[in-house]
Every structure is written in structure tokens, then in C-alpha cells.
Amino acid sequence: MTGEAKVPDDISSLCGDCAVAPGQGHDLRCDVARCPYCGTQRYDCLEGIGCEEGRKADRPAIWKGRWDTDIATERYGLAKSEIYRLIEAGLFVWDRDDQGWKLREGAE
Ligand SMILES: [Zn+2]
Ligand SMILES: [Zn+2]
């Protein structure tokens, strides 16, 4: 049995695309990965459609076991449909250090 790859106990927490474990960096071209710099889909930034900094791909996009928007809706007690509207409206901003959405300062 030694040396065999082991299926993790809780596969529901793995990234649905690249199957990375929570706390680790996604594959560079993973569809689920968010840009560490701006929070939009990383693929767009790599292609130069999104932000300039994301194109460098010099920081890993960390998978947290759940979608970034799910984490934010729970943290702030929002309905799932609300978070996208609030991001769109600029009330939620991307935290580069935390790699997650947070309420913009002064927006409360
Ligand atoms: Zn992934
Ligand atoms: Zn970006």
C-alpha cells in the first residue's frame, strides 16, 4: 500500500476544476481560480483582458475550499444573489492580501 496516491477523506472541499486542496494554489489555468490582484476570473487577466498585474502570474491563486463569493455572503449574512450586485456596484472590493471580497471601507 505504500507509495500509492490516496484519495482525500473529504473530496467535496477540493477545487471542482483542478482538484487542489484548500489552502493551496490552483493550477495556473484553472477555471475556478480568481486573480490574486483583482478578484475576477484569473484566466481573463492572464490573457490580458483583466488587470495588468494579473498577467504576470507571480502570485498563487489560493483555493479556500469554497467559492470566494460564498465565503463573503456567509460572512456578511447576504443572500447569494446580492453579492454579485454589491460587487458590481463597487460596494465590495477585492482584498489582495486575503484574496477575498470585503465590504468597502466607509460603505457600511
Ligand atoms: Zn482550481
Ligand atoms: Zn486581475
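Residues numbered from 1 in each chain as written. Chains lettered and ligands numbered in written order. Predicted model: local features only at pLDDT ≥ 70, side-chain atom pairs only at ≥ 80, totals over all residues.

Colleague: Looking at this structure, I do not really get the overall build of the protein. What am I missing?
Modeller: If you tally the helices and strands in the protein, you get three helices and two strands. When the elements of the protein are put in sequence order from the N terminus, they spell out α-α-α-β-β. Viewed in the frame of its principal axes, the protein has a C-alpha envelope of about 55 × 35 × 20 Å. Counting all 108 residues of the protein, 18% fall into the buried class. (Helix = DSSP H or I, 4+ residues; strand = E, 2+ residues; numbered from the N terminus. Buried ≥ 20, exposed ≤ 12 C-beta atoms within 10 Å, placed from the backbone.)

Colleague: Which parts of the structure should I look at to understand the domain arrangement of the protein?
Modeller: Here the protein is described as being made up of domain 1 (20-64) and domain 2 (66-103). Of note, the centres of domain 1 and domain 2, computed from C-alpha atoms alone, are 17 Å apart. Opposite the seven residues of domain 1 that make contact, domain 2 presents seven residues. Of the residues that constitute the side of domain 1 that touches domain 2, the class distribution is four nonpolar, one polar and two charged. (Domains from an automatic or database assignment. Contact = placed C-beta atoms within 7 Å. Nonpolar A, V, L, I, M, F, W, Y, C, P; charged D, E, K, R; others polar.)

Colleague: Sorry if this is basic, but what is going on with the environment of tryptophan 63 here?
Modeller: Within the secondary structure, tryptophan 63 is located in the loop between α1 (42-46) and α2 (68-76). Each C-alpha atom, one on tryptophan 63 and one on tryptophan 101, is 14 Å from the other, the two residues being 38 residues apart in sequence.

Colleague: Could you clarify how one ought to interpret the pairing of strand β1 (residues 92-95) in this entry?
Modeller: Along a regular strand, successive side chains alternate from one face of the sheet to the other. One ladder, built from four bridges, connects β1 with strand β2 (residues 100-103); its direction is antiparallel. Across the sheet, aspartate 95 pairs through a bridge with glycine 100, a residue of β2. Hairpin connection from β1 to β2: four residues lie between these consecutive antiparallel strands, with glutamine 99 at a positive phi of about 50°. (Pairing = 2+ DSSP bridges.)

Colleague: Would you take a moment to explain unusual backbone geometry for this structure?
Modeller: Residues other than glycine predominantly adopt negative phi, and peptide bonds predominantly adopt the trans conformation. With a phi angle near 50°, alanine 57 is a residue other than glycine that sits in the positive phi range. Within the secondary structure, alanine 57 sits in the loop between α1 and α2. A positive phi angle, near 50°, is found at glutamine 99, a position not held by glycine. By the element assignment, glutamine 99 lies in the loop between β1 and β2.

Colleague: Sorry, what's going on with the nonpolar core here?
Modeller: Inside soluble globular proteins, nonpolar side chains tend to come together where they are buried. Counting residues in hydrophobic clusters, the biggest one holds eight residues: Cys15, Cys30, Ala33, Cys35, Tyr37, Cys45, Ala61 and Trp63. Not counting the four nearest positions on each side in its chain, alanine 33 is found in contact with His26, Arg42 and Ala61. (Core = buried A, V, L, I, M, F, W, Y, C linked by C-beta atoms within 7 Å.)

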